[in-house]
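Topology and contacts: notes
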Amino acid sequence: MKITSAEFVKSVVKVEDLPADNFPEVAFVGRSNVGKSSLLNALMKKKLAYTSATPGKTREINYFRINQKFYFVDLPGYGYAKVSKAEQDRWKVLLEAYLQNRPQLKLCLLLIDARHPDLENDKQMAEFLYFYGRRFAIVRTKVDKLKKKSERETLRQISASFFSNYEFMTDVSAHSGEGILDLGKHISEYL
Ligand SMILES: Nc1nc2c(ncn2[C@@H]2O[C@H](COP(=O)(O)OP(=O)(O)OP(=O)(O)O)[C@@H](O)[C@H]2O)c(=O)[nH]1
Ligand SMILES: [Mg+2]
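Below is a short write-up of the structure. Quick caveat, the model's predicted, so the values are computed rather than measured.

Definitions and cut-offs
Residues numbered from 1 in each chain as written. Chains lettered and ligands numbered in written order. Predicted model: local features only at pLDDT ≥ 70, side-chain atom pairs only at ≥ 80, totals over all residues. Heavy atoms only, no water. Phe/Tyr/Trp six-rings, centres within 6.5 Å; stacked < 30°, edge-to-face > 60°. Buried < 20%, exposed > 50% of the residue type's maximum accessible area, 1.4 Å probe, protein only. Lys NZ or Arg CZ within 6 Å of the ring centre and 35° of its normal. Core = buried A, V, L, I, M, F, W, Y, C linked by side-chain atoms within 4.5 Å. Helix = DSSP H or I, 4+ residues; strand = E, 2+ residues; numbered from the N terminus. Contact = heavy atoms within 4.5 Å. Near = heavy atom within 4 Å. Polar contact = N/O pair within 3.5 Å; in protein donor to acceptor, adjacent residues only side chain to side chain. Areas by Shrake-Rupley, 256 points an atom, 1.4 Å probe, with all protein chains shown as cover. 1 Å grid on protein atoms, 1.4 Å probe; cavity = no way out; pocket = protein on both sides within 12 Å on 5 of 7 lines; lining within 4 Å. Sits in = over half its atoms within 2 Å of the grid points. Nonpolar A, V, L, I, M, F, W, Y, C, P; charged D, E, K, R; others polar. Points joined across faces, edges and corners; volume = space filled by probe spheres on them.

**Re the packing of aromatic side chains**
All told, the structure shown has nine aromatic pairs when counted by the stated rule. Between F162 and F163 the ring centres are 5.1 Å apart and the planes differ by 85°, which places this aromatic pair in the edge-to-face class. A residue is classified by how much of its surface remains accessible, and F163, at 4% relative accessible area, is buried. Ring pairing ties together the aromatic residues F23, Y63 and Y71, which thus form one cluster. Above the ring of F162, the side-chain terminus of K123 is found at 4.2 Å from the ring centroid.

Here's what the structure looks like:
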């Protein structure tokens, strides 16, 4: 898949405001700070999504129209304790309603930090997606931080066996660009 156009469309905070058209959607799911917005920017080759070293940056569902044909959907992260309980609850309701009920959603990319392959809240998200019949892939982020090949392979094997029912598993680095083209190819098979 070659991305020839990418544009920001809208930010959504209530289910009623989700786009009414029928473009297929690919959603970026994962813990706060795992690199969802950075990965989107790397794929789109444009800094359209806001990123931050502080977790809890993305607070709405953000829509990006790609090639005039489909949407990339940037979601708020989970697992960030410093966000108020009320705000966490609001995101949880929005996120779960979106993931459960959105017919346009064709593939979820569940991002996990390549250095932390077996976190319980990531597993819960994978199980949630599977329970609601969502196709999901495991995308291991920030692989540039793993310098040793052997360490990387060990962590890869841990994540491969820790998760189940995923469509594919792949490694990316938004910083070095590793794996970005490959992920694009995978995504195109689901659109
Ligand atoms: N080394 C490295 N750092 C990365 C990579 N991708 C993202 N980061 C850093 O991780 C931090 C969080 O990135 P974001 O893309 O904002 O993360 P997010 O998942 O969108 O976070 P929320 O919006 O809070 O849910 C930033 O400081 C990024 O620079 C990567 O591939 N390699
Ligand atoms: Mg974000």
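**What about the nonpolar core?**
If you look at the biggest cluster of nonpolar residues, it comprises 27 residues, and the most contacted ones within it are V29, I61, L75, Y98, L99, L110 and M125. Those elements that provide at least two residues to this core are β2 (25-30), β3 (61-66), β4 (70-74), α2 (85-101), β5 (105-113), α3 (120-131) and β6 (136-141). Those residues in contact with L75 that sit more than four places away from it in its chain are A27, F28, V29, K36, T58, E60, I61, L95, Y98 and L99. One finds A49, L111, I187 and Y190 within the second-largest nonpolar core, a separate group that totals 26 residues.

**A word on the site of ligand 1**
In the region of ligand 1, 22 residues are neighbours, and K36, S38, G56, D144 and A174 sit closest. Within the contact set of ligand 1, an oxygen atom lies 2.9 Å away from a backbone nitrogen or oxygen of N33. A distance of 3.5 Å separates an oxygen atom of ligand 1 from a polar atom in the side chain of S173. In the complex, 90% of the free accessible area of ligand 1, which totals 650 Å², lies under the protein chains. Put simply, ligand 1 lies in the largest pocket. Of the residues assigned to the shell around ligand 1, the class counts are four nonpolar, 12 polar and six charged.

**Structural notes on the layout of surface pockets**
Its boundaries defined by the atoms lining it, the largest pocket holds a volume of some 440 Å³. Lining the largest pocket are 28 residues; nearest its centre among them are N33, V34, G35, S38 and K142. For the lining of the largest pocket, the leading source of residues is helix α1 (residues 36-44), giving four residues. Residue composition of the lining of the largest pocket, by class: nine nonpolar, 14 polar and five charged. Roughly 360 Å³ of internal volume is contained in the second largest pocket. Taken together, 15 residues line the second largest pocket, and the ones lying closest to its centre are Y78, G79, K92, E96 and M125. For the lining of the second largest pocket, the secondary-structure elements that each account for two or more residues are α2 and α3. Counting residues per element, the lining of the second largest pocket draws most heavily on α2, which supplies six residues. Residues belonging to the lining of the second largest pocket are distributed by class as follows: seven nonpolar, five polar and three charged.

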